[in-house]
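# Understanding the architecture of this molecule
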Amino acid sequence: MRVWSHDQTKAPLKVDDLNRIFAGAHDRFTFTDAHDTPVPISERFKRTVFVGIGGTGQKVLRRLKARMSQYGVSKLPCFAMLGIDTTPQETINDFNLECALDAQEYICAQVSAPARFLDMVHANWRGESTYQGELASWLPREFGVQAIMAGAFTRRAAGRFAFFVNADMINRTLQAVVNRVSSADVEGKMEDLRLRLASDSPTRVYIICSVCGGTGSGMFLDTAYVLRRLLSDQFPQDIETH
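All of the points below concern the structure found in this document. Nothing here was measured: the structure is a model prediction, and the numbers come from that model. Residue indices follow the written sequence of each chain, beginning from 1 at its first position. Thresholds applied to this predicted model are a pLDDT of at least 70 for local features of residues and 80 or more for the giving and counting of side-chain atom pairs; totals over whole chains, interfaces and linings are not thresholded and use all residues. Hydrogens and water are ignored here; the side-chain numbers use all heavy atoms of the structure.

Our next topic: the overall build of the protein. The number of helices and strands found in the protein is eight helices and four strands. Here a helix means four or more residues in a row that DSSP labels H or I, a strand means two or more in a row labelled E, and each is numbered from the N terminus. Reading the helices (α) and strands (β) of the protein from amino to carboxyl end gives α-β-α-β-β-α-α-α-α-α-β-α. Per-residue burial over the protein gives 37% buried out of 242 residues. A sequence separation of at least 24 residues applies to 66% of the contacts in the protein between residues at least 6 apart. All accessible-area figures derive from a Shrake-Rupley calculation using a 1.4 Å probe, and residue coverage is judged against the displayed protein chains alone. Accessible surface computed for the protein: about 14900 Å², of which carbon and sulfur atoms make up 53%. Buried means the residue's accessible area, taken with a 1.4 Å probe over protein chains only, is under 20% of the maximum for its type, while exposed means over 50%, and partly exposed covers the values in between. Any two residues whose heavy atoms approach within 4.5 Å at even a single point are treated as in contact.

Within the largest apolar cluster, 35 residues are counted, with the highest numbers of intra-cluster contacts made by Leu139, Phe143, Phe161 and Leu174. Elements that contribute at least two residues to this core include exactly β1 (48–53), β2 (79–85), α3 (115–125), α4 (133–138), α5 (156–165), α6 (167–182) and α8 (215–234). When residues no more than four places from it in sequence are discounted, the contact partners of Leu174 are Val51, Leu82, Thr223, Val226, Leu227 and Leu230. Counting 15 residues, the second-largest nonpolar core is a separate cluster that includes Met68, Leu76, Met81 and Leu101. Within this scheme, the nonpolar core is defined by two criteria: the residues are buried Ala, Val, Leu, Ile, Met, Phe, Trp, Tyr or Cys, and they are joined through side-chain atoms within 4.5 Å.

Counting buried positions along β2 yields seven of seven residues, so the element is predominantly enclosed. Residues Phe79, Met81, Gly83 and Asp85 line one face of β2 and the alternating positions Ala80, Leu82 and Ile84 line the opposite face, and both faces are buried. One requirement defines pairing of two strands: DSSP has to find at least two bridges between them. The pairing of β1 with β2 spans six bridges and is classified as parallel. Counterpart to Thr48 in the pairing with β2 is Phe79. Once you follow β1 into helix α2 (residues 54–70) and on to β2, the crossover reads as right-handed. Relative to strand β3 (residues 106–108), β2 runs parallel, the two being bridged by three bridges. If you follow Ile84 over to β3, its bridge partner there is Ile107. When the strands point away from the viewer, a crossover counts as right-handed if the route from the first strand across the helix to the second turns clockwise.

The subject of this paragraph is α2. Every α-helix winds through 3.6 residues per turn, so residues three or four apart in the chain are directed the same way. By this rule, a helix spans an expected 1.5 Å times one less than how many residues it contains. In this model α2 runs 25 Å from its N-terminal to its C-terminal C-alpha over 17 residues, within 8% of the 24 Å that 1.5 Å per residue would give. All of the buried residues along α2 are Gly54, Gly57, Gln58, Leu61, Arg62, Lys65, Ala66 and Met68. Contacts made by the buried residues of α2 are with β1, β2, β3, β4 (204–208) and α8. Directly beyond the C-terminal end of α2, a positive phi value near 70° is found at Gly72.

With that settled, the discussion passes to the side chain of Gln132. On the secondary structure map, Gln132 appears in the loop between α3 and α4. Of the residues examined, Gln132 reaches a relative accessible area of 4% and is grouped as buried. Setting aside chain neighbours within four positions, we find Gln132 in contact with Phe117, Met120, Val121, Asn124 and Phe164.

A few words now on the packing of aromatic side chains. Each Phe, Tyr or Trp ring (for Trp, its six-membered ring) is paired with any other whose centre lies within 6.5 Å, and the angle between the two planes then decides the class: stacked below 30 degrees, edge-to-face above 60, tilted in between. According to the stated counting rule, one finds five aromatic pairs in the structure shown. Between Phe45 and Phe79, the ring centres sit 6.0 Å apart and the planes meet at 70°, which makes this aromatic pair edge-to-face. Here the residue Phe45 occupies a position in the loop between α1 (15–21) and β1, and Phe79 occupies one in strand β2, the gap between them amounting to 34 residues. Assessed through its relative accessible area of 23%, Phe45 is described here as partly exposed. Centre to centre, the rings of Phe50 and Phe79 are 6.0 Å apart; their planes meet at 80°, and the pair counts as edge-to-face. Taken together, the residues Phe50 in strand β1 and Phe79 in strand β2 connect sequence positions 29 residues apart. Across the pair, exposure class does not vary: Phe50 and Phe79 are buried alike. Three or more aromatic residues link up through ring pairs in this structure, and these residues are Phe45, Phe50, Phe79 and Tyr206.

To continue, consider unusual backbone geometry. Backbone geometry at Thr154 places phi at a positive 60°, although glycine is not the residue there. For Thr154, the location among the structural elements is in the loop between α4 and α5. Non-glycine residue Arg194 carries a positive phi angle of around 60°. Within the fold, Arg194 resides in the loop between α7 (186–192) and β4. Classification of Arg194 as exposed rests on a relative accessible area of 72%.

Structure representation (structure tokens):
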């Protein structure tokens, strides 16, 4: 806390000045310099994964990362982020508000050649048996899409289609992210930083997205399902979904 003297043109009061001012009747108060006073840590950090889907999700993650960086916690081993979008990562316009996600924190789930999937879907609709039967079971009959390279453009089916096409990559990356914060050596790394980890608490996951667009609304449920399945392998009795 910065305390100014009555004359605002003078420099801020120093710790010794405060102790002299409050001496005598108030000698039970002693001011100390926060820079020299260790702050006791009473809270324990929890293993946490932040997943942002679509344009809204990646923007929130980048702002969260910037805010965490201000407090020196963006590189904690118990925290991990992953952005998933159908476009490349946006260019940062304000470095005070946002931090770019690095290579292991971002998936660009584009679809460069949708025709090879849609041909099989149409074959299923004609009664032919192909390996894209699951996709044909939910894709709208009127669905027609070009390459998904610049976003799903508020088309929920396009967002889920992009998830379906990139499912293996998304699954592998989500698995790696969960493993990273759940690994046994995280507690030791936190102790090296003189921080405490809630080692008995299950990994917590936040999924951030807008359900008004195409990518977020199309991928949200499948992403939540995959993460719940991954976590249930580690904490079968401790999964809560909100």
